[in-house]
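Here's the letter readout for the chains.
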Amino acid sequence: MPRGVAIPEPRQQLFAALERVVAADGPGRLTGRAVTREAGVATGLLYAHFTNFDDFLAGYAVDRAFQIAGGVAGLPERAGSGTVAGNLGDAVLATPLGTLLALARLIAFRPELAAGVDAVLGDGTGGLEAVERSAADYLVAEQQLGRVPADADTQALALAVVGVLHHVALTDADGPAAGSRIRRAMAALTAGFPAVTTT
């Protein structure tokens, strides 16, 4: 990048570069130099926005956990519209699977980052925990409308939704069939549920 050229949203550019490095080389090869080289910027740019590399990783984890939570935040309000399977599929696919894969691999490699996310966003309100919570709240709302059977275990179903999302992200994040695999799983989880609100 030539000197003097403004870089739009440098933090997001660096976060996206981190994801590409993790996808290509794994979190063990993650360094400030690797990230800035992948981003095509000077190494100093990272340290102009973050105190140190650990601060950068913490910033990335918080940003992406918040992004994942934001993707499912409106799910409970969809109750009564569309189909249960379609709404679940749309919500969990709102976050790019590559982002989820990078975050999961990074937190597995640096587990202390999870505590940092909780400290900023609140315990259980970011990342996959937010997906599970929103899915459970949504399923309860649909249950109250009669579109999910009264005897369905909504907490277990929400956990299964997260399990599907996590597994596909870890095994097939960039695969052309990833989205369809998730949608098929949502359809299987909700097979036999009423298609319309019952009275």
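This write-up is about the structure you can find in this document. The structure presented is a predicted model; accordingly, all values stated were derived computationally and were not measured. (Residues numbered from 1 in each chain as written. Predicted model: local features only at pLDDT ≥ 70, side-chain atom pairs only at ≥ 80, totals over all residues. Heavy atoms only, no water.)

1. Some words on the side chain of Asp 172
Now for step 1: Relative to the helices and strands, Asp 172 resides in helix 9 (residues 154–172).
Now for step 2: Asp 172 sits in the buried class, given a relative accessible area of 18%.
Now for step 3: Not counting chain neighbours up to four residues away, the residues in contact with Asp 172 comprise Ala 177, Ala 178 and Arg 181. (Helix = DSSP H or I, 4+ residues; strand = E, 2+ residues; numbered from the N terminus. Buried < 20%, exposed > 50% of the residue type's maximum accessible area, 1.4 Å probe, protein only. Contact = heavy atoms within 4.5 Å.)

2. A word on helix 2 (residues 32–39)
Now for step 1: Regarding helix 2, the residues found buried are Gly 32, Ala 34, Val 35, Thr 36 and Ala 39.
Now for step 2: Here the buried face of helix 2 lies against helix 1 (10–25), helix 3 (43–49) and helix 4 (53–72).
Now for step 3: In the segment just after helix 2, Gly 40 is the residue with positive phi, at about 75°.

3. Some details on the packing of aromatic side chains
Now for step 1: Across all of its chains, the model carries five aromatic pairs by this definition.
Now for step 2: Geometrically, the ring pair formed by Phe 15 and Phe 50 is tilted, given 5.9 Å between the ring centres and 45° between the ring planes. Of this pair, Phe 15 sits in helix 1 while Phe 50 sits in the loop between helix 3 and helix 4, and the two are 35 residues apart along the sequence.
Now for step 3: A relative accessible area of 3% means that Phe 50 is categorised as buried. (Phe/Tyr/Trp six-rings, centres within 6.5 Å; stacked < 30°, edge-to-face > 60°.)

4. A look at the packing of helix 9 against helix 10 (residues 178–189)
Now for step 1: For the pair helix 9 and helix 10, the least separation of the axes is 10 Å and the interaxial angle reads 160°. Overall, the two elements helix 9 and helix 10 adopt an arrangement that is roughly antiparallel. Along this stretch, helix 9 crosses helix 10, giving a crossing that reads as right-handed. The residues of helix 10 that touch helix 9, namely those facing Leu 157, Ala 160, Val 161, Val 164, Leu 165, His 167, Val 168, Thr 171 and Asp 172, are Ala 178, Arg 181, Ile 182, Ala 185, Met 186 and Leu 189.
Now for step 2: Partitioned by chemical class, the residues of the contact of helix 9 with helix 10 number 11 nonpolar, two polar and two charged. (Axes fitted to C-alpha atoms, helices over the stretch in contact; angles between N-to-C directions. Parallel < 35°, antiparallel > 145°, perpendicular 65-115°, else oblique. Left-handed = near helix turned anticlockwise from the far one by under 90°. Nonpolar A, V, L, I, M, F, W, Y, C, P; charged D, E, K, R; others polar.)

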